[in-house]
Amino acid sequence: MSGANPGLSYDDAPPFAAPLRYFLTAPLFGIAAGLLLLADGSALSSRWSPGALGAVHLVATGLMLQVMLGALMQILPVVAGASLLSPLRTARVNHALIASGSIGLSWGLWRAQPIATLTGATLLTLGLAVFLLAAARALYRAPATRGGSDTPRDLRLALVGLAIAAALGILLATALARGLALPIDLPTLVNLHAGWAWMGWGALLVAATSWVVVPMFQITPPYPQRLTRAWAPTVLVLLLLWSIATTVARDVADVPLAVMLCALAATFGAMTLRLQARSRRSTPDASFLAFRLAMAAVICGALAVPLSLFADADALPLLAGVLILHGGFVGAISAMLYKIVPFLAWLHLTQAGIKAPNMKKLSPDVLVRRQLRVHAFALATLLTAVFVQPLSYLAGAAVTTEFAWLFLNLARIVLAWRRAGGQWSAGHNPASKKYV
Ligand code: HEM
């Protein structure tokens, strides 16, 4: 147990290589999404264009899902006391399935190749099954609550959201590949899938993690307990009601419920900005600023979604997608990676009894700041390209550069860890022998 962060148990942290394999390969999928935009000038013409669907899944399953599974590998034991059995072996199998599945699905959706779509979806299903079973077993054996935090509960809810989003995605992929007749029309099923993937999985996991890491790394006051206690369960209940309304009571209750869900997303963004404004940090570092930009994008995205429901303009759903996926999730994930990876490098060196360089030495802020400026530029060009399509090539170049730079910055931290004496097989005490 660490005095500074009660309820967090770093003794249960998995070997560095377990989460790291996800964190290092995720930016490669971001590079692929940028290259897709460079290769396909019509990708940003409509939310339904094959290029948009391919790029969405390179980012959603190739980057977002990977980073979030890697982070869960770390957070479940440390925050929720849920240690995964053989974390390294689970990570190896799961990572290979998720990465290859993301390639297959994104390629299949982009090139309209049903076999690739179905193969990708099947590999993703197997990968998610491996992870969800391992996580469920660990959570089942974990102590009910730890230190009064809502994070362990919300991690469980996010995993439920992931299972539902993935099930809808697999049904979609099978329907598209096999020409299956569905009980509801395709666009509605896609909206359900996207809603559960973004709110039921992405937003719940970012919120559950933020309850701990925002006060911890950004030195803000804690989130109000009234919010952390009610936010995630309310999101889940509203998502269930919205799903029912969307399928059986369309044009009656679905739009008001969708607006309520967007209001909840905006509330999380606004509360985080408010806490950041009260941070005791003397000067905001690059990660702090990136998280702030991400929260601003979440609020704008939460406004663009209802607008796209009322106004019949092709650009609005795309605008909402770019704000939420690239502005919100990629921004928040990049900001968190720049805190989590150097922290883990420092933690594993310290646990191995090595005098570790401090986090600023492991990840110099000037390098992070430059990369995050490219991220902000990429976001601006993507948003403009939604309205001025020829700019999608510039957006593709900016996105490619952004993720190549993110990869280099993360790889640089790992090299610094190695130079400081980090060993892949290092344990931190006799207990480490339990990990294989
Ligand atoms: C098991 C994994 C997944 C599978 C098999 C899958 C499959 C699909 C399929 C087949 C479509 C519809 C494509 C079409 O309309 O032609 C789709 C749409 C979509 N998926 Fe997934 N998906 C998965 C995971 C995810 C995740 C994790 C996210 C986000 C976090 C996501 C976000 C989206 C979005 C936003 C759309 C709508 C795109 C648009 O309308 O432009 N998917 N997915």
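Around the iron atom of the ligand, the protein contributes the donor atoms His57 (NE2) and His193 (NE2), which lie 1.9 to 2.1 Å from the metal centre. For the iron atom of the ligand, the 6 donor atoms in the first shell make angles of 84 to 180° at the metal, so the coordination geometry reads as octahedral. Taken together, the residues His57 in helix H2 (residues 50-80) and His193 in helix H6 (residues 186-218) connect sequence positions 136 residues apart. The burial state of His57 is the same as that of His193; both residues are buried.

Another aspect to go through is the packing of helix H1 (residues 17-39) against H2. Where H1 contacts H2, the two axes come as close as 8 Å, and the packing angle between them is 165°. Here H1 lies roughly antiparallel to H2, going by the angle between them. For the crossing formed where H1 meets H2, the hand is left-handed. The residue inventory of the contact of H1 with H2, partitioned by class, reads 18 nonpolar, 8 polar and no charged.

For Leu105, the position within the fold is in helix H3 (residues 87-111). For Leu105, a relative accessible area of 9% translates into the label buried. Along the chain, Leu105 and Pro221 lie 116 residues apart, while their C-alpha atoms are 41 Å from each other. Here Leu105 is in contact with His57, Thr61, Ala116, Thr117, Gly120 and Leu124, once residues within four sequence places are set aside.

According to the stated counting rule, one finds 11 aromatic pairs in the structure shown. When the ring centre of Trp107 is taken as origin, the NZ or CZ atom of Arg111, which lies over that ring, is 5.8 Å away. Its guanidinium or amino end placed over the ring of Trp110, Arg111 lies 4.5 Å from that ring's centre, counting from NZ or CZ.

Another aspect to go through is the site of the ligand. With respect to spatial proximity, 24 residues lie near the ligand, and among them Arg47, Leu53, His57, Ala60 and His193 are the closest. Take His57: an N or O atom from its side chain is 2.7 Å from a nitrogen atom of the ligand. Split into classes, the residues belonging to the shell around the ligand amount to 19 nonpolar, 4 polar and 1 charged.

We now examine the nonpolar core. The biggest cluster of nonpolar side chains holds 148 residues, and the ones touching the most others in it are Phe23 and Trp231. The element best represented in this core is helix H10 (residues 315-351), accounting for 24 residues. Excluding residues within four positions of it along the chain, Trp231 makes contact with Ala203, Leu204, Ala207, Trp211, Leu264, Ala265 and Phe268.

Once that is clear, we can look at the packing of H1 against H3. Relative orientation of the contacting elements H1 and H3 amounts to 10°, with a least axis distance of 10 Å. Comparing their axes, H3 and H1 come out roughly parallel. Along the contact surface, H1 presents Ala17, Ala18, Arg21, Tyr22, Thr25, Phe29, Leu36 and Ala39, while H3 presents Pro87, Leu88, Thr90, Ala91, Arg92, Asn94, His95, Ala99, Ser102, Ile103 and Trp110. Taken together, the residues that form the contact of H1 with H3 break down as 12 nonpolar, 5 polar and 2 charged.

Bringing the environment of Phe403 into the picture now. Inspection of the secondary structure assignment puts Phe403 in helix H13 (residues 392-419). Residue Phe403 is classed as buried on the basis of its relative accessible area of 1%. Note: C-alpha distance between Phe403 and Ala33 (370 residues apart in sequence) is 9.4 Å. Not counting chain neighbours up to four residues away, the residues in contact with Phe403 comprise Pro27, Gly30, Ile31, Leu63 and Val330.

For the coordinates displayed, the defined rule picks out 6 salt bridges. Taking the shortest distance from any N to any O, the salt bridge between Asp285 and Arg281 comes out at 3.8 Å. The class for Arg281 is partly exposed, based on a relative accessible area of 21%. For Asp285, the salt bridge is made with Lys360, and the minimal N-O distance between the two is 3.6 Å. Highlighted residues: Asp285 in the loop between helix H8 (254-277) and helix H9 (286-310) and Lys360 in helix H11 (residues 359-362), separated in sequence by 75 residues. For Asp285, a relative accessible area of 5% corresponds to the buried category.

This part is about the environment of Gly331. Among the structural elements, Gly331 can be located in helix H10. As a C-alpha pair, Gly331 and Ala376 span 45 residues in sequence and 8.6 Å in three-dimensional space. Apart from residues lying up to four places away in sequence, Gly331 is in contact with Ala290, Ala294, His326 and His375.

A cluster of nonpolar residues, Val237, Leu241, Ile244 and Val248, forms a patch on the protein surface that exposes about 390 Å² of accessible area. Its place among the elements puts Val248 in helix H7 (residues 225-248). For Val248, a relative accessible area of 68% translates into the label exposed.

Cut-off values and rules
Residues numbered from 1 in each chain as written. Predicted model: local features only at pLDDT ≥ 70, side-chain atom pairs only at ≥ 80, totals over all residues. Heavy atoms only, no water. Donors = N, O, S within 2.8 Å, 3.2 Å for Na, K, Ca; no water. Tetrahedral: all angles 85-135°; square planar, octahedral: opposite > 155°, others 65-115°. Helix = DSSP H or I, 4+ residues; strand = E, 2+ residues; numbered from the N terminus. Buried < 20%, exposed > 50% of the residue type's maximum accessible area, 1.4 Å probe, protein only. Axes fitted to C-alpha atoms, helices over the stretch in contact; angles between N-to-C directions. Parallel < 35°, antiparallel > 145°, perpendicular 65-115°, else oblique. Left-handed = near helix turned anticlockwise from the far one by under 90°. Nonpolar A, V, L, I, M, F, W, Y, C, P; charged D, E, K, R; others polar. Contact = heavy atoms within 4.5 Å. Phe/Tyr/Trp six-rings, centres within 6.5 Å; stacked < 30°, edge-to-face > 60°. Lys NZ or Arg CZ within 6 Å of the ring centre and 35° of its normal. Near = heavy atom within 4 Å. Polar contact = N/O pair within 3.5 Å; in protein donor to acceptor, adjacent residues only side chain to side chain. Core = buried A, V, L, I, M, F, W, Y, C linked by side-chain atoms within 4.5 Å. Salt bridge = Lys/Arg side-chain N within 4 Å of Asp/Glu carboxyl O. Patch = residues over 30% accessible without salt bridge, like charges linked within 9 Å, V, L, I, M, F, W, Y side chains within 5 Å. Areas by Shrake-Rupley, 256 points an atom, 1.4 Å probe, with all protein chains shown as cover.

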